[in-house]
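Summary of structural features
The chain contents come next:
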Amino acid sequence: MTENSAFQPAPDSELPKTYAPADVEGPLYERWVERGYFEADAKSDKPPYTVVIPPPNVTGSLHLGHAFEHTLIDALTRRKRMQGYETLWQPGMDHAGIATQNVVERELAKESKSRHDLGREAFVERVWQWKGESGGQISGQMKRLGDGVAWSRERFTMDEGLSQAVQTIFKRLYDDELIYRAERIINWCPRCLTAISDIEVEYQDDDGELVSIRYGEGDDALVVATTRAETMLGDTAVAVHPDDERYRHLVGTEIELPLTGRRIPIVADEHVDPEFGTGAVKVTPAHDPNDFEIGQRHGLPNIAVMDEHAIITAHGPFQGLDRLEARSAIVAALRAEGRIVAEKRPYTHSVGHCSRCKTTIEPRLSMQWWVKVGPLAKAAGDAVRDGRVAIHPQEMEKRYFDWVDNLHDWCISRQLWWGHRIPVWYGPNGEVVCVGPDEQPPSGEGWTQDNDVLDTWFSSGLWPFSTLGWPEQTESLAKFYPNSVLVTGYDILFFWVARMMMFGLYAMDGTPPFHTIALHGMVRDQFGKKMSKSFGNAVNPLDWMDTYGSDALRFTLARGANPGTDVPIGEDWVQASRNFANKIWNATRFALMNGATVEGELPPAERLSATNRWILSRLGEIVEEVDGLYEDYQFAKLSEALYHFAWDEVFDWYVELTKTTFQEGGQEAEDTKRVLGEVLDVTLKLLHPVVPFVTETLWTTLTGKESLVVADWPADSGFRDEAAEREIETLQQVITEVRRFRSDQGLQPGQKVPARLALDGTALAPHEAAIRQLLRLQPEGEGFHATATLPVSGATVSLDLSGTIDVDAERKRLTKDLGAAEKEKAQAEAKLRNEAFLAKAPDQVVDKIRGRLTKAEADIERIGRQLENLPAA
RNA sequence: GGGCGCGUAGCUCAGCGGUAGAGCGCUGCCCUUACAAGGCAGAUGUCGGCGGUUCGAAACCGUCCGCGCCCACCA
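Keep in mind it's a predicted model, so treat the numbers as computed, not measured.

Analysis parameters
Residues numbered from 1 in each chain as written. Chains lettered and ligands numbered in written order. Predicted model: local features only at pLDDT ≥ 70, side-chain atom pairs only at ≥ 80, totals over all residues. Heavy atoms only, no water. UniProt positions renumbered as here; feature names shortened; annotations may be inferred. Helix = DSSP H or I, 4+ residues; strand = E, 2+ residues; numbered from the N terminus. Buried < 20%, exposed > 50% of the residue type's maximum accessible area, 1.4 Å probe, protein only. Axes fitted to C-alpha atoms, helices over the stretch in contact; angles between N-to-C directions. Left-handed = near helix turned anticlockwise from the far one by under 90°. Contact = heavy atoms within 4.5 Å. Nonpolar A, V, L, I, M, F, W, Y, C, P; charged D, E, K, R; others polar. Near = heavy atom within 4 Å. Polar contact = N/O pair within 3.5 Å; in protein donor to acceptor, adjacent residues only side chain to side chain. Phe/Tyr/Trp six-rings, centres within 6.5 Å; stacked < 30°, edge-to-face > 60°. Lys NZ or Arg CZ within 6 Å of the ring centre and 35° of its normal. Salt bridge = Lys/Arg side-chain N within 4 Å of Asp/Glu carboxyl O. Pairing = 2+ DSSP bridges.

1. Comments concerning the UniProt feature "binding site: ATP" (unreviewed entry) in chain A
According to UniProt, the positions carrying the feature "binding site: ATP" (unreviewed entry) are Lys533. Here Lys533 is to be found in the loop between strand E24 (523–524) and helix H15 (541–548). On the basis of relative accessibility, which here comes to 80%, the residue Lys533 falls in the exposed class.

2. Details of the packing of helix H16 (residues 550–559) against helix H17 (residues 571–593)
Interhelical geometry of H16 versus H17 gives an angle of 115 degrees and a closest axis separation of 8 Å. Our pair here, H16 against H17, has a crossing hand that is right-handed. On H17, the residues that touch Ala552, Leu553, Phe555 and Thr556 of H16 are Trp573, Val574, Ser577, Arg578 and Phe580. Classifying every residue of the contact of H16 with H17 gives 6 nonpolar, 2 polar and 1 charged.

3. Examining the UniProt feature "coiled-coil region" (unreviewed entry) in chain A
The UniProt entry lists residues 811–866 under the feature "coiled-coil region" (unreviewed entry), expressed in the numbering used here. Span residues 811–866 is 95% helix and 0% strand, its end C-alpha atoms 9 Å apart.

4. A few points about the protein's contact with RNA strand B
Lining the immediate environment of RNA strand B, one finds 65 residues, of which Asp273, Asn290, Arg578, Trp647 and Lys840 sit closest. Contact between RNA strand B and Asn582: a sugar or linking oxygen at 3.3 Å from a side-chain N or O atom of the residue. Phe651 is positioned with one of its backbone polar atoms (N or O) 3.3 Å from a base nitrogen of RNA strand B. Per element, the largest residue contribution to the surface near RNA strand B is 12 residues, and it comes from H17. Partitioning the surface near RNA strand B into residue classes produces 26 nonpolar, 17 polar and 22 charged.

5. A look at the packing of aromatic side chains
This model, assessed by the stated rule, comprises 28 aromatic pairs. For the ring pair Tyr29 and Phe38, a centre distance of 5.9 Å and an interplane angle of 35 degrees mean the geometry is tilted. The pair formed by Tyr29 and Phe38 is uniform in burial state, with each residue classed as buried. One aromatic cluster is present, formed by Phe170, Tyr174, Trp369, Trp410, Phe458 and Phe503 through successive ring pairs. Just above the ring of Trp370 sits the side chain of Arg184; from NZ or CZ to the centre is 4.7 Å. Taking NZ or CZ as reference, Arg559 lies 3.9 Å from the ring centre of Tyr643, over its face.

6. Some remarks on the side chain of Thr100
Locating Thr100 in the fold gives a position in helix H3 (residues 97–110). Excluding residues that lie within four positions of it along the chain, Thr100 makes contacts with Asn57, Val58, Thr59, His95, Val127 and Trp418.

7. A closer look at the pattern of salt bridges
Counting across every chain of the model gives 53 salt bridges. When the shortest N-O distance is used, the salt bridge between Glu200 and Arg414 registers 2.7 Å. Here the residue Glu200 occupies a position in the loop between strand E6 (194–196) and strand E7 (201–215), and Arg414 occupies one in strand E17 (residues 413–414), the gap between them amounting to 214 residues. The same class applies to Glu200 and to Arg414, which are both buried. For Arg297, the salt bridge is made with Asp269, and the minimal N-O distance between the two is 2.9 Å. Highlighted residues: Arg297 in helix H7 (residues 289–298) and Asp269 in the loop between strand E11 (262–268) and strand E12 (280–283), separated in sequence by 28 residues. In this structure Asp269 comes out as buried when scored by relative accessible area, which is 3%. Where salt bridges share partners, they join Arg214, Glu217, Glu256, Glu337 and Arg339 into one cluster.

8. Focus: the sheet that holds strand E10 (residues 254–257)
If you trace the 4 strands from one edge of the open sheet to the other, you get E10-E11-E9-E12, paired in mixed fashion. Across the chains shown, the open sheet's two edge strands, defined by having one partner strand only, are E10 and E12. Ignoring strand direction, the axes of neighbouring strands in this sheet form an average angle of 35 degrees. One ladder, built from 3 bridges, connects strand E9 (residues 237–240) with E11; its direction is parallel. Bridge assignment links Ala239 to a residue of E11, and that residue is Val267.

Here it is in C-alpha cells:
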C-alpha cells in the first residue's frame, strides 16, 4: 500500500451504524432465560453466591429506586457468575399487607363497596386476583431491566411454603416465650383500623393548640396543659414530680375533673418534668403511652373514651363526636366554665401519622401480639459488633446499633384481612393454643382462630431462608444460606434488615443471614430533590428505557451510586449514557471492519509496538482497578473508570493510532488486530455486568462465542510497561500541543499543512506516521516553519505556515505560555529553597517538584526560541 | 433534645495531606472514510466564613454560618 492510496476500510460488518437497543434487548433477555443462565443449581460444586431481591410490593410497579437497586444487584451477580460462582439472584415479591389491602380497598371504593360488603373470604380472594394482575407488571419490568434472576425459584411471601415458614417460626418463638399477647398502648390508625408498629409511625411537626386547664377548685386547684383536650374525659389522675415542693401537700388527695363530675387522685411520679409548664400533668392511661406507664405504676384505672374510629364513646354531651370535633367542643365547654387559663396557638409539636395513609395516629389501649425483641436484638447487634456481618458504608453501623440496642417490643398483630393469619386459637373458656404448621387446630365447640394477621415485615424478615425452602432442610438451603450480600436502601435498615438479622440468627442457629449489608441511597431528581408522584418529578423507568435503552439507564444509575448516598438522576444523564453505549458500539464496529480478532495467543511483547504495549499495560491496570472497586461496592467509581478508559484511552487514542498501523499493514498490523481484539474483549467483559445488552451483542459478534453471561471474568494479565506508558503519554502531549497550535491559528481540522518533523533519535521517531496522520501533516514544504512543540524527548515539530500564520495570535499565546512557565519555575524554585520542605517532605514529592522545575525550564527555553523564530508581523 | 452527614466550576457530584477534577451545560472550528448519539481545541472555581496544626490544608483540629437525614414518651 502506497502512502497516497486511500485507506480502504474493510467491508461493512453486519452491525448497523447506530446502536438500537430496542431491537436487541428483548430477544437477548429471552435467550438468556431460555438457556437457563440465571438458574442456580444447588447440586453444583461451584462456590455459592447468593443475593435475595428486596421483594417489591405485588401491587406496585417498579420505580427508579427499584431500577437502581436491581442494577447494583444484577451487576454484582453477573460478575460473580462470570467468576465461576454458582450464583443465585433470588426473585420474588412481598404481599405487603397493609399497603396492598389499602390499594384493593381503594379499588372497591370506586365500586362504592367496602371490604365488609364482601366479607373476609371474598375480600382476600379479591386481593389474590389483584395480585395476579399486577404481579406480572413487575416481572415484565425486571425483564426489561435485564435482571438475571432465577425465575424458576420465584417466591411470594404468601405462597404455601413461605406461609409454612411463618407459622413455624411463630410457633417456635411462642414456645420460647419470645411471642406473647398483652394489652398495651399501641399506635392505632383510625382510618386503616389497625395497630401499627412504632416504625410505621412517621412523626412530623404539626400546628396544634396547647391549652392550660384548671382542674379542681380553690386553693387545691392545679393547672395542666394539653394538646389533646378530648382525652381529659379519660383522665384518671393528675401527676406531679415527687420532689416538687409546690405540690407536695396535694399528693394523695383528690381533685375534681372538670366536665365529668369525677374526682381523680393526685399522684407523684418521676416521669413528670417539674420544669415543664406548671409541673402538673393530666394522666390518661387509656390514650397515651406515658400515661399508661404512670397508670401501671400507681394502679390507676384505664378509661377508654374513643372507639376504633376515634369517635368519642364516653357518655355525655360529647359522645359521637370525632376526636377533633370533641377537642374544640371540650375547649369551648371548659372556657364557658372559666377553666381555660391560657392558650398557645399555634403550638408546634411532633405528631405521629400512619406511614400508609398519613392519618394522625391515636394511641390506643388494646390487646395485641408482641415479639419480645430483647434477646433477638442483642444477637442482631452482636453479629455486627463482632464482625460476622459488615455494614457498608460503615457510618451506617451507628444507626443500626442505636436502633437494635434500644428496641421496644415489636407489635406484630394487625387488624387486617390480607396477610398471614395468626396461628392461634382461643377456646370457649379463653384458652389459648398456638398451632404449628403440622398440627391440627383444636377441635370442638367454641374454638376460634385469632382474627388478626401478622405485620408484613414478619414474613419478609424470613426472606433470606424462607425462599430457600426453610423449614425444610433443602439442598438449596444448605447451598445458598447464608446469603453473600444484602443490597438494599438505608430507608429499610430497621424495617427489614434488622428483622432479617434477628430472625436469621434465631432460626438458623446463630448463622447470620448474610455476610455484608451494602446500603444504597435514594434516587432523586436532577436537582437532588426527592422523587414523588405528588411533586410531579417521579419518573417511570420504562419511559427512559424505551427512549434510551436499558443499558443507558443502568449505566446512569451505576455511575451515580456512591455508597450510602442519594443518587440524583436526570434525563440528560441517561442521554449521555446512551451516547456512551453508542460509542462502544461504533468502536467495536470499527474494530470488526479492520479484522480485530480474539483468536490465537497474544503476540509476544518484544514484538509489539509501544502503542500496543501501552494499551495492554493500561488494560491490566484497569482490570485490577475495576476488580477492586467491584469488591468494594464502588459502582460509581468503577463505572467512571471504565467510561474514561474506554472512551478516552481506547476509543480516542488507541483506536485512532491503530488507523495508521492498519494502513501500513504488515506484521504490526496483524499484531494490532489481535491486541485490539483483546482490548475490546476485556473491556466488554468488564462493562458487561453494568451494561449487559450492548456488550453481549458486540462481544458475541466479535468472538463468535455463545454468550458473555457465562464467559470468564477477565484476569489481570499482570503485564505492565511503564516505559511504553510514558512514551505514549509523550506522544499524546505532542499531538495535543500541535492541535492546540493549529486551533489557535485558525486552521481547519482537516486542512493539510506541510511540516518538518525532527524526531530522529527520540522516542517519538517510530510514531512519525501516526503523528502525521493525526495532525494532518504533509511532507515538508518551503517557507516559514513555526516550531509548534518540543516534547520532553527533545523532538521538534515544525509546521510550515508561511502565508497562513497569524503572528500576533501566536506571539500572544507564546507569551502567555511563557508567563505560566516562569511562574511555575519560580514556585518550584521557592519550594526547593525551603529547607523545612526538603527536610520533611518525602523524596517522591521532592522529586516531583524537581521534575516540575526541569520541565518549566525546558518550556521557557523552548518558548523563547519559538518567539525568536517568529517573523515580524 | 441526641446522633449522622453535607456545603468544591452554571447544575449534579468525585477528590479527603503534596501543581484544583468528572459528567452535563457553555465558547470556537470541523459531516477527518467507526460514531454529529461524533471529533478537536477552549473558558470557568478566594474548594461556606474565621482561627489553628503542618515545610505544605479543599482535605486534619476548633469554631461560626447555611442545608439535609435519622432517632427520642417536648404533657
